[in-house]
Amino acid sequence: MSTRYRYGMARQRVPERSDGGFEICVLGPLTVTVDGAPLVVDTRKALAILALLAVERRPYAREELAALLWPDADDESARGALRRTLSVLRAALGDRWLRVDRSTVDLAVDTDAIDLHLIERASSSSDATRLKAAAAAARGPFLAGFSLRDSAEFDDWRASRAVAVERSVAAVLDRLAAVAEANGDLATALGAAERRVDLDTLDEGAHRRLMALLARSGDRAAAIRQYRACVAVLERELGVPPLAETTELYEAIRDARADVAIEREAVAAATPPTGATMRAPATLPLVGRATELDALLTAYRSAVADGAVALVTGEAGIGKSRLLDATAVSVRHGAGRVLIARAYASEAGIAYGPIVELLRTGMTQPGAAARLAGLPTRTLDELERLVALPSALPGRAGNSAPVTPSSTGDPAARVRLIEALADGLEALVAGPVPGVLAIEDVQWADESTRSMLAWLARRLAGRPLLLVLTWRPEDLDEPGAAFAETLSAVDGVLPVRLDRLDRGAVADLVEAAAANGLPQVETDRLLAESEGLPLFVVEALQGAGAAEGGPDDQSARTVRALIRERLASVTETGSQVLAAAAAIGRSFDADLVRGSSGRSEDETVNALEELVRRGLVREIGASPGARFDFAHAKFRDAVYEGTSLARRRLLHGRTADLLRAAPGPRDDPGRLVQIAVHERAAGRDAEAAEAFREAGLRSRELYALPEASAHLETALALGHPDAAGIEVALGEVRTARGDYAGAIAALEAAAAVTDAPGLPAIELRLGRVHAR
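So, how was this worked out
- Residues numbered from 1 in each chain as written.
- Predicted model: local features only at pLDDT ≥ 70, side-chain atom pairs only at ≥ 80, totals over all residues.
- Heavy atoms only, no water.
- Buried < 20%, exposed > 50% of the residue type's maximum accessible area, 1.4 Å probe, protein only.
- Helix = DSSP H or I, 4+ residues; strand = E, 2+ residues; numbered from the N terminus.
- Arc of directions from axis to C-beta.
- Contact = heavy atoms within 4.5 Å.
- Polar contact = N/O pair within 3.5 Å; in protein donor to acceptor, adjacent residues only side chain to side chain.
- 1 Å grid on protein atoms, 1.4 Å probe; cavity = no way out; pocket = protein on both sides within 12 Å on 5 of 7 lines; lining within 4 Å.
- Points joined across faces, edges and corners; volume = space filled by probe spheres on them.
- Nonpolar A, V, L, I, M, F, W, Y, C, P; charged D, E, K, R; others polar.
- Pairing = 2+ DSSP bridges.

(A) Helix H19 (residues 478-488), seen in detail. Those residues of H19 that sit buried are Gly480, Phe483, Ala484 and Leu487. For H19, the arc enclosing every buried residue in end-on projection is 100°, short of the 170-degree limit, so these residues lie on one face. Opposite its buried face, H19 presents the exposed residues Glu478 and Glu485, each directed more than 90 degrees away. Tucked into the core, H19 has its buried residues touching strand S7 (308-313), helix H18 (447-457) and strand S10 (465-471). Of the residues that open H19, the one with a side-chain oxygen 2.7 Å from the backbone nitrogen of Gly480 is Asp477.

Next comes the structure, spelled out in structure tokens:
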């Protein structure tokens, strides 16, 4: 979103708010006033404490503040720094308002002394006076220009809070424009509408409201200019044209049909999509997989004492995910816990990426902290290298810094990490009955994940769980094929090879489709056209109900054509959200796809609901915190291929910016790789090179040596300026992997480009490699 604010309305006098002489303003530059004069303190962290307490309106534990504001200091130093800062702050406030005891810190002021709470109260009000006062108090972005360079956690809090604050300000401006228009105060309505557009220049609804108000005020020329400004910003930022309703409004204004246009705009804003355009695909049963499903459930039941491994393989569209879903339903019905993750082609370089997804999914389940609490401290320390543990876990803050390993080449350290990951996953699915761990599309998994899975598959004795892995044999690279061969040789492994459907299964699907109101399709013809591929069969049956010519027009159509037909019926907003999701390239949450697509929050939610109903996107997990993913990878591929190169680059760039600004650990390797991949796809090579370098160094700390090597090599290829430093890091990684010739080559390259003071250290490294 844009953070520009129009200050015309903000110049109005804000009604006085005071609490015995105290006032704090967090909208715009942070200001604290005491008895009519600015508060004077010698540290920004004193002001940060006031901002936290004022905004959150709750007491903070001393330990919480110390960890948040002095994250790099040890506990004793952080507590000492907090004591000194609180002492300075209390003196500056004259021992008023700030309540400090041995365990907590609180700010005892009335909410009227805080500008943000004036905004939040007014965001649901219909009182014009209150709305005007709130709009005047919105001087600018939340804590504009205020940050703490040595506290990423505080800056993450500020960034995440800023999003909610901006929504509250937007709600106030929207309501003020509506109330003022209803009262006939067009000047106030126009001012609010203008500020609303400046707040989020990509919100088409805000543009339409301003266009309509300008037309109603008699300034058609300004309304037309506003439309053109809307077109320009959408093209520049998103590479898309305006929605049909925006263009219709413009045409009505251009043709001097202003009253009709305004009325149409109001109706469009209040009317949800019609049911005719939102027809959900029929739910068809799982057919032709009874034997495979029974085999998986038998393997699951046999895992009571010792674990079991099942390998589900087959071509794209054969129904691996559908079989896994059916297995999960049966296991959960019997009170078993199931964790499912997916590997993505765009994230093949993220060390332990699918494993981390399993851990994070498991930690959102009820009782996760209690199940992890029984693990040894050293195991939890290892887990925190990759994920933040639940804050409810005793002795854990949920944001502990990863432990830095002592030696990249220490094989024992790598084994400790793998054992900890296995123990953590086992704990998360533990229960009275065996659990299930499943990873889909292992052909895209990173080398570290494959190594960990191969290790776990051979060490399931005493672990009551079923490990299910799915992949497409035709997409395995050479290391992937070796991994598949290794797993297939494990004693007791269950191979489940899915073949295409026979005539009986296709007939059952045709019958089920007819029972769901879809047109009757001739079985033999469908079998001949689909060759028994389940994805084609289902798409053909779903498309039969939408085809203009009926089922007879289904011949000679490929799966790709059928998918394109499904996508063609999606609304404009839904298509834009789909394109953003395809560029993201993996599962996503509503906030990420909203920011990437540039659509408003309401538009994004409506679009996601439409896409879920149409069966193009599936919801993962329960709200809040739910994520979304394409129902099938072929849907994602079709959407991405249908998006222009220019728009792809815009979407990748926006996604990289959002990932970089999102709260969370700055050194998370998954985040770094995602940023790097999106930066490269956006054509921003310098930013991509730095992200790949950081990802390589972080992967090295996690003993993910293949990924570390690949990322560092990519950083070099993209022209990173620190070629010598990267070559040295490559030398260390290759040495740890036993590639001494490669290590020598990297170190020689570093020596060739380094300056004289740095040569001795590189020569020493070279000598050590030669000695090995």
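(B) How the structure looks around empty space enclosed by the protein. For the structure shown, the criterion picks out one cavity of 30 Å³ or more. Roughly 50 Å³ of internal volume is contained in the largest cavity. Considering the residues around the largest cavity, the lining is formed by Ser346, Glu347, Ile350, Ile584, Val673, Gln674, Val677 and His678. Across the lining of the largest cavity, the residue classes tally to four nonpolar, three polar and one charged.

(C) Focus on the sheet that holds strand S1 (residues 22-25). Pairing is antiparallel across the open sheet formed by three strands, whose spatial order is S1-S2-S3. Across the chains shown, the open sheet's two edge strands, defined by having one partner strand only, are S1 and strand S3 (37-38). Here strand S2 (residues 31-34) pairs with S3 via two bridges, running antiparallel. Along S3, the bridge assignment pairs Thr33 with Pro38.

(D) Focus on the side chain of Ser530. Inspection of the secondary structure assignment puts Ser530 in helix H21 (residues 523-530). Of note is the side chain of Ser530, whose polar atom sits 2.8 Å from the backbone oxygen of Leu526. Not counting residues within four places of it along the chain, the set of residues in contact with Ser530 comprises Arg500, Phe536 and Val537.

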